[in-house]
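As a plain string of letters, each chain reads:
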Amino acid sequence: MKVKAILRRYLTDYKFNSLLVRNMLLLLALILIPLSGGAAISYYAYKSMQMKERQSASREAAEEVYSELESIFKEARTQLVYISMNSDVELYMYDEAIRQFNYKIRTIQELIKMPVLAKDYVDSIWVYSAKSNRVVTQEGVALYETFQGRDRIEVYLNREEAVELMVTESEQPNSPWPQLAAFREIRYGKQMNGVSIMNMNVTELLKELDVPQNVHLYFTDGKTVLLADEKELIGRPAEEIAEYDRVIHDGTYSDGLQCISSVVSPISSLEVITRMDMGGYNDQLDTIRSIMLSLLAVMTLVTLILAVAVSVRLFRPIEEIMSSLQEHHNVLVGEDVLFQNKDELEYILTSIQRTVNARKNTEDALAERLRLLKKAQAVALQSQINPHFLNNTLETINWTAIELLGGRNEISRMAGALSRMLRMTLENSDTVVPVSTEIQHCMYYLEIQKTRYEDKFEVSWQIPEEIKSCRIIRIVLQPLIENAIYHGIKPMSNKGQITIRGQTKEGLLLITVSDNGLGMTEQELETLQRNMQSDMIRESCHIGMANVNQRLKLYYGEEYGLTVDSGEGTGTSVTVWIPRVQEERWT
């Protein structure tokens with residue numbers, strides 16, 4: 001009774017939202033899906049196995065028939081060759097009037113009677129002589145002009161292509177089946193002296209082959225049906241064979257209803273085709289499918305009963321929790337309505353949700369403060385100015401003024417560039433600027449350095465136009481160029497080259513500053529990379545790079561920043577990795 005009460009309550013109050021119902025359905029699915037899948041896999045595996053067996057049986061039947069036919073026709077050719085090579089037959093071929101030869105005819109007749117008596121499928125053998133214009137049969141000698149089978153011999157003699165087998169009319173009057181004749185030219189040297197013919201009974205030949213009842217047999221020379229268990233097809237074009245367009249020559253085709261196998265002679269165009277009916281096989285599959293569906297239905301019913309029993313047992317503790325919550329819901333959540341069309345788990349979680357929401361609001365406020373703190377830290381780091389650079393620049397201005405004795409040429413250019421550079425650095429309050437603005441800032445810096453170092457280095461800008469409108473935080477490229485000059489180019493004795501390239505890749509903006517300077521040893525590069533990964537910026541010769549890297553990570557995220565590639569004596573390349581942004585998104 002308790003089980004019925006639980007089921008009634010869950011189905012009445014929660015319907016299909018109930019965890020009881022949903023988990024009961026899950027249990028059914030966990031059992032029935034593998035069971036159904038296993039049954040389906042077994043069925044189709046059995047079907048595939050049976051199909052392969054049928055194909056193999058069809059192929060074996062075709063090969064067996066081919067082997068038997070090959071043996072029969074090989075024996076027929078041997079008999080005809082033996083007859084052609086007989087000395088009495090040779091004399092018969094050369095004697096035009098058969099003078100003084102009649103006593104030898106019986107010997108030839110005895111010779112051709114042997115295969116006829118030995119094989120049921122051999123009806124007769126004829127030996128035609130072109131010189132004497134006569135035909136020897138087991139009954140005697142007949143003139144060619146009055147010979148009953150003359151038309152069959154003429155069809156062979158007037159053929160356009162060389163053939164060994166032909167379909168001919170039956171010797172037996174009113175016979176519904178034609179004959180299959182094997183021909184052999186009798187030649188002594190290059191001249192054809194006559195023909196030997198073996199006429200085979202098609203009905204007896206089919207009995208000799210013993211083809212299974214569910215297999216249809218067709219034997220062709222590639223053009224004509226020479227032998228078939230369907231008499232109306234014998235002598236007809238091969239294309240009239242049922243499903244001939246689906247025949248895979250020297251292979252097997254199957255479509256579930258039939259198997260068609262072909263065996264082709266490797267030295268001639270002779271081909272055996274068998275077509276096996278798959279009706280009995282399909283009946284077996286239907287029976288197996290019915291049995292599997294019946295078993296699956298029984299297993300579904302049993303599984304349903306088990307799923308109900310297991311689900312009720314598992315959810316009894318939840319029922320007790322639900323009863324307790326409903327008794328004390330005002331204490332947990334006040335006067336608000338607690339349960340509104342939710343499942344049992346939602347009922348239990350509602351009392352916890354308010355505490356979770358309050359904690360989440362606190363965490364969101366803390367995350368916002370941390371974001372503002374990071375932004376402030378980034379702006380503070382960005383505002384740092386390298387005092388060495390200012391001192392060196394002022395010293396350069398001083399020495400230039402002394403050398404030029406008050407002239408305005410180089411001094412005015414340096415002073416103007418320095419003024420514009422400082423103005424961009426100190427007066428621009430925007431944290432993110434276009435790449436074109438960052439390039440202009442670097443141009444002012446390079447104008448000062450080129451005056452100071454004269455022809456010490458060359459600069460190549462390779463920034464596509466579409467990149468110049470992208471957004472980047474301020475003062476990123478200038479510290480990288482400064483590092484390239486002071487640590488890469490300055491110690492060199494020859495002229496240096498600095499290249500700044502830009503590209504976009506999968507939503508990223510990549511700007512690389514490369515020099516052909518002294519480069520770094522593996523130890524120096526390892527130290528630099530370790531300092532760049534640290535949260536604190538340590539005093540080092542590459543403090544500008546660490547500063548830029550930390551500002552990029554603070555502003556864009558830990559997955560962005562700088563990568564450094566350097567080798568001793570081969571120069572250094574520093575690449576900026578940031579998101580590609582064309583509009584005011586990062587603020």
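Our structure is the block above this text.
A brief structural summary.

Rules used throughout
- Within each chain, residues carry numbers counting from 1 in the order of the written sequence.
- A pLDDT threshold of at least 70 governs which residues receive local features in this predicted model, and a stricter bar of 80 or more applies before side-chain atom pairs are shown or counted, although totals over entire chains, interfaces and linings include all residues.
- No hydrogens and no water enter the side-chain calculation; it runs on all heavy atoms of the structure.
- A run of DSSP states H or I qualifies as a helix once it reaches four residues; a run of E qualifies as a strand once it reaches two. Both are numbered from the N-terminal end.
- Exposure classes here rest on a 1.4 Å probe applied to the protein chains alone. A residue is buried below 20% of its type maximum, exposed above 50%, and partly exposed in between.
- By definition in these notes, contact holds between two residues if any of their heavy atoms fall within 4.5 Å.
- Each pair of strands is called paired provided DSSP finds at least two bridges between the two strands.
- Note on geometry: axes are C-alpha line fits, over the in-contact stretch for helices, and angles between N-to-C directions span 0 to 180 degrees.
- Working definition: rings of Phe, Tyr and Trp (its six-membered ring) pair if their centres are within 6.5 Å, and the pair is stacked with planes under 30 degrees apart, edge-to-face with planes over 60 apart, and tilted otherwise.
- The rule for a charge over a ring is simple: NZ of Lys or CZ of Arg within 6 Å of the ring centre, and within 35 degrees of the ring normal.
- When charges are counted, Lys and Arg contribute as positive and Asp and Glu as negative, whereas His and the chain ends are disregarded.
- Each salt bridge in this description consists of a side-chain nitrogen of Lys or Arg and a carboxyl oxygen of Asp or Glu lying within 4 Å of one another.
- The definition of a nonpolar core used throughout is a set of buried Ala, Val, Leu, Ile, Met, Phe, Trp, Tyr and Cys residues joined through side-chain atoms within 4.5 Å.
- Here the term patch refers to residues with relative accessible area over 30% and no salt bridge, with like charges joined within 9 Å and nonpolar side chains (Val, Leu, Ile, Met, Phe, Trp, Tyr) within 5 Å.
- Every accessible area reported is derived by Shrake-Rupley at a probe size of 1.4 Å, with residue values counting cover from the shown protein chains alone.
- It is the directions from the helix axis to the C-beta atoms that the arc portrays.
- Two N or O atoms form a polar contact when they lie within 3.5 Å of each other; inside protein one atom must be a possible hydrogen donor and the other a possible acceptor, and for residues adjacent in sequence the pair counts only when both atoms belong to side chains.
- Any angle from 65 to 115 degrees is called roughly perpendicular, while one under 35 is roughly parallel, one over 145 is roughly antiparallel, and all others are oblique.
- It is the rotation of the near helix from the far one that decides the hand of a crossing: anticlockwise by less than a right angle makes it left-handed, clockwise makes it right-handed.
- Ten residue types, Ala, Val, Leu, Ile, Met, Phe, Trp, Tyr, Cys and Pro, are classed as nonpolar, four, Asp, Glu, Lys and Arg, as charged, and the remainder, Gly among them, as polar.

A tally of helices and strands in the protein chain yields 17 helices and 18 strands. By the burial criterion, 41% of the 587 residues in the protein chain qualify as buried. Across the protein chain, contacts joining residues at least 24 apart in sequence account for 63% of those joining residues at least 6 apart.

For the rest of this paragraph, the subject is the sheet that holds strand 5 (residues 179-188). With antiparallel pairing, the six strands of this open sheet are ordered in space as 3-2-1-6-5-4. If you trace the sheet from one side to the other, it starts and ends with strand 3 (140-143) and strand 4 (165-168), each paired once. Averaged over neighbouring strand pairs, the angle between their axes works out to 25° when direction is ignored. Here 10 bridges tie strand 5 to strand 6 (residues 191-201), and the two strands are oriented antiparallel to one another. Bridge assignment links Ala 181 to a residue of strand 6, and that residue is Asn 199. Those strands touched by helix 5 (residues 150-157) are strand 1 (122-129), strand 2 (134-137), strand 4, strand 5 and strand 6, and its axis lies near 125° from that of strand 6. Docked against the sheet, helix 6 (residues 202-209) engages strand 5 and strand 6, running at close to 70° with respect to strand 6.

Per the stated rule, a full pass over the model turns up seven aromatic pairs. A network of ring pairs unites the aromatic residues Tyr 555, Tyr 556 and Tyr 560 as a single cluster. Across the ring face of Tyr 156, the terminal group of Arg 159 is positioned such that the distance to the ring centre comes to 4.0 Å.

Attention now goes to the pairing of strand 1. By the criterion of burial, strand 1 is predominantly enclosed, with eight of the eight residues buried. As paired elements, strand 1 and strand 6 share seven bridges and run antiparallel to each other. Bridging across to strand 6, Ile 125 finds its partner in Met 198. Taken together, the three bridges between strand 1 and strand 2 define a ladder with antiparallel strand orientation.

Note that Asp 123 resides in strand 1. Notably, Asp 123 is buried but unbridged: the nearest opposite-charge side chain belongs to Arg 152, and the N-O separation is 7.8 Å. Apart from residues no more than four positions distant in its own chain, Asp 123 is found in contact with Val 116, Gln 138, Glu 171, Gln 179, Asn 199, Met 200 and Asn 201.

One open sheet accounts for five strands, arranged 13-15-16-18-17; its pairing is mixed. Of all strands in the sheet, those bounded by a partner on one side alone are strand 13 (457-462) and strand 17 (561-567). For this sheet, the mean inter-axis angle between neighbouring strands, taken without regard to orientation, is 15°. Two strands pair when backbone bridges link them, and strand 13 and strand 15 (residues 496-505) are joined in this way by six bridges, in the parallel orientation. When the sheet's bridge partners are listed, Phe 457 is paired in strand 15 with Gly 496. Seen against the sheet, helix 15 (residues 477-489) touches strand 13, strand 15, strand 16 (508-515), strand 17 and strand 18 (571-579) and runs at an angle of roughly 25° to strand 16.

This paragraph deals with the nonpolar core. In terms of nonpolar packing, the biggest core is built from 51 residues, with Val 89, Val 127 and Met 200 touching the most fellow members. If sequence neighbours within four positions are ignored, Val 89 has contacts with Ile 83, Ser 84, Ile 108, Leu 111, Val 127, Ile 186 and Tyr 188. The next biggest cluster of nonpolar side chains, apart from the first, holds 44 residues, and it includes Ile 472, Leu 480, Val 548 and Ile 578.

Phi at Glu 243 is positive, roughly 60°, even though this residue is not glycine. The topology assignment puts Glu 243 in the loop between strand 8 (225-228) and strand 9 (252-254). Residue Glu 506 is not a glycine yet carries a positive backbone phi of 50°. Structurally, Glu 506 is set in the loop between strand 15 and strand 16.

Before going further, it helps to examine a nonpolar patch on the surface. Taken together, the side chains of Leu 26, Leu 30 and Ile 31 present a nonpolar region at the surface, about 270 Å² in accessible area. By secondary structure assignment, the location of Leu 30 is in helix 2 (residues 19-85).

What follows is about helix 5. Every buried residue belonging to helix 5 is among Arg 152, Ile 153 and Tyr 156, and all of these are buried. In an axial view of helix 5, the angular spread of the buried residues amounts to 95°, which keeps them on one side of the axis.

This paragraph deals with the environment of Lys 495. Within the secondary structure, Lys 495 is located in the loop between helix 15 and strand 15. A relative accessible area of 40% places Lys 495 in the partly exposed class. Counting along the chain gives 37 residues from Lys 495 to Glu 458, while the straight-line C-alpha distance between them is 7.7 Å. A polar atom in the side chain of Lys 495 sits 2.7 Å from the side chain of Glu 458.

Next up on the list: the environment of Leu 80. By the element assignment, Leu 80 lies in helix 2. C-alpha of Leu 80 to C-alpha of Ala 182: the two residues are 102 residues apart in sequence and 8.6 Å apart in space. Once you skip the residues sitting within four places of it in the chain, Leu 80 turns out to touch Ile 125, Ala 182, Phe 183, Arg 184, Ser 196, Ile 197 and Met 198.

Right, let's talk about the pattern of salt bridges for a bit. Any two side chains of opposite charge can pair, on the condition that their charged atoms come close. Under the counting rule described, the total for this entry stands at 15 salt bridges. A salt bridge links Asp 250 to Arg 59; the shortest N-O distance between them is 3.4 Å. In this pair, Asp 250 sits in the loop between strand 8 and strand 9 while Arg 59 sits in helix 2, placing the two residues 191 residues apart along the sequence. Judged by its relative accessible area of 44%, Asp 250 falls in the partly exposed class. Lys 495 serves as the salt-bridge partner of Glu 458, at 2.7 Å between the closest nitrogen and oxygen.

Further remarks concern the pairing of strand 15. Pairing analysis gives eight bridges linking strand 15 to strand 16, with the strands arranged antiparallel. Across the sheet, the residue bridging to Gln 503 is Leu 510, located in strand 16. Counted between consecutive antiparallel strands, the loop separating strand 15 from strand 16 contains two residues, among which Glu 506 sits at a positive phi close to 50°.

With their axes 9 Å apart at the nearest point, helix 13 (residues 435-453) and helix 15 run at an angle of 25° to one another. The angle between helix 13 and helix 15 falls in the class roughly parallel. As helix 13 runs across helix 15, the sense of the crossing is right-handed. From helix 13, Glu 438, His 441, Cys 442, Tyr 445, Leu 446, Gln 449, Arg 452 and Tyr 453 reach across to helix 15, where they touch Leu 477, Gln 478, Ile 481, Glu 482, Ile 485 and Tyr 486. For the contact of helix 13 with helix 15, a count of residues per class yields eight nonpolar, three polar and three charged.

Function cannot be read off these values alone, since they describe shape.
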